[in-house]
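# Descriptive analysis of the structure
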Amino acid sequence: MAVKTMPPATRPHHHARTSRGAARAMPKLKTVLVAATAYIVAFLFLFPYIVMLLTSLRSQESLRDVTFWPEEWVWTNLTDFWGSGLAGNLWVTIKVAAGSTVLVLLVALPAAYYSARHNFRGRTAFLILVLITQMFQPTAMVVGIYREFFMLGLVDSIWALILVNGGFNLAFAVWILNAYFSSIPRELEEAAFIDGNGRFGALFRITLPLAMPGVITALIFTFIAAWNEFVVALTLTTTTANQPLPVALNSFIGQYQVDWQNLFAGSVIATIPVIILFALIERKVVGGLTAGSIK
């Protein structure tokens with residue numbers, strides 16, 4: 001009995017189609033795995049915030065319930081925040097974070113630009129010294145910081161918090177802005193000089209738009225660090241009205257009892273300005289990258 005076999009000419013064609021199909025399936029599988037991993041990681045990061053939000057909407061009696069969702073939604077926990085006097089502390093936090101960010105940018109931008117464009121003597125030592133100062137933590141220096149501002153008469157002052165937060169975030173801003181300015185070719189500024197622009201014109205029209213992602217990164221880092229700072233603010237502020245919100249929220253923690261629902265309600269409200277900032281800054285980062293590519 002004769003056995004029918006596939007013509008030799010058709011075998012390579014069949015294997016080629018199979019390999020092409022497998023090659024097309026592999027990128028899809030990798031995309032699905034990467035997306036699934038990203039969603040899992042995002043959920044793990046968001047889960048504590050979800051618990052915080054749900055706890056802020058519980059009543060005092062339901063705090064010990066084992067259910068994940070509150071049986072009774074108490075929305076007044078969020079509205080009572082404004083009647084508890086903490087709205088003034090939120091405003092203090094906004095002023096401290098915004099003032100520290102402005103101070104850092106005003107000092108870091110010229111320092112980073114000059115160190116990136118001029119090869120002066122001691123430039124490497126200066127940049128290393130800037131990086132070393134980033135290693136010092138405010139917690140380890142809180143006693144000296146308090147004594148210094150006490151001698152200056154700035155204890156229990158918003159200006160003291162702005163100066164401290166600005167000083168401790170200045171090193172990171174100078175370092176990252178120096179890297180961005182160094183990556184921008186000098187020829188772009190020289191072309192701007194030929195077109196009739198001065199040093200400041202080339203800086204504001206050419207260099208800063210290209211370095212905008214670095215500026216935004218320094219802005220975000222400084223604002224968030226100043227917003228979340230606790231130890232120095234607790235040490236330098238003595239009156240409740242001058243305390244930032246992270247310190248004022250500590251009043252919900254008593255010696256024998258913790259007011260969890262109000263503590264988490266205040267924490268939820270404290271995160272809202274940061275979320276709004278990220279939503280606005282994300283577009284600015286994309287815009288800065290696009291402007292840099294067009295230039």
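All figures in this text were calculated on a predicted structure; none of them were measured in a lab.

Another point: the confidence of the model for the chain. Here the chain averages 79 in pLDDT, while 84% of its residues score no lower than 70. Taking the mean pLDDT of every element in the chain, the minimum, 69, falls on helix α12 (residues 260-294) and the maximum, 89, on helix α3 (residues 86-117). The low-confidence segment residues 287-295 (pLDDT under 50) makes eight contacts with residues lying over four places distant or belonging to another chain.

Looking now at the packing of helix α4 (residues 123-133) against helix α6 (residues 158-183). Where α4 meets α6, the closest approach of the two axes is 7 Å, and the angle between their N-to-C directions is 135°. Looking at the two axes, α4 sits oblique to α6. Regarding α4 and α6, the two cross each other, and that crossing is left-handed. Contacts from R123, L127, I128, V130, L131 and T133 in α4 reach A171, V174, W175, N178 and S182 in α6. Looking at the contact of α4 with α6 residue by residue, the classes come out as seven nonpolar, three polar and one charged.

Once that is clear, we can look at the packing of aromatic side chains. This structure, assessed with the given rule, holds seven aromatic pairs. Residues W69 and W73 carry aromatic rings whose centres are separated by 6.2 Å and whose planes lie at 45° to one another, so their mutual orientation is tilted. Residue class for W69 comes out exposed when judged on its relative accessible area of 53%. A centroid spacing of 6.2 Å and a plane angle of 15° characterise the contact between W73 and W75, whose relative ring orientation is stacked. Ring pairs connect the aromatic residues W69, W73 and W75, which therefore count as one cluster.

Before going further, it helps to examine the nonpolar core. Core analysis: the biggest nonpolar cluster contains 48 residues, and L86, L177, F181, W227 and L245 have the highest contact counts within it. Counting only elements with at least two residues in this core, the list comes to α2 (76-83), α3, α6, α8 (199-210), α9 (212-228), α11 (245-248) and α12. Non-local contacts of L86, meaning those with residues more than four positions away in its chain, are made with F81, L245, A248, L249 and F252. With 13 residues, the next largest nonpolar core counts F149, A160, L161 and V164 among its residues.

With that out of the way, let us pick up the side chain of T222. Looking at the secondary structure, you find T222 in helix α9. Dropping the residues within four chain positions of it, T222 is found in contact with S100, T101, V104 and N169.

Conventions we followed
- Residues numbered from 1 in each chain as written.
- Predicted model: local features only at pLDDT ≥ 70, side-chain atom pairs only at ≥ 80, totals over all residues.
- Heavy atoms only, no water.
- pLDDT = per-residue confidence, 0-100.
- Helix = DSSP H or I, 4+ residues; strand = E, 2+ residues; numbered from the N terminus.
- Contact = heavy atoms within 4.5 Å.
- Axes fitted to C-alpha atoms, helices over the stretch in contact; angles between N-to-C directions.
- Parallel < 35°, antiparallel > 145°, perpendicular 65-115°, else oblique.
- Left-handed = near helix turned anticlockwise from the far one by under 90°.
- Nonpolar A, V, L, I, M, F, W, Y, C, P; charged D, E, K, R; others polar.
- Phe/Tyr/Trp six-rings, centres within 6.5 Å; stacked < 30°, edge-to-face > 60°.
- Buried < 20%, exposed > 50% of the residue type's maximum accessible area, 1.4 Å probe, protein only.
- Core = buried A, V, L, I, M, F, W, Y, C linked by side-chain atoms within 4.5 Å.

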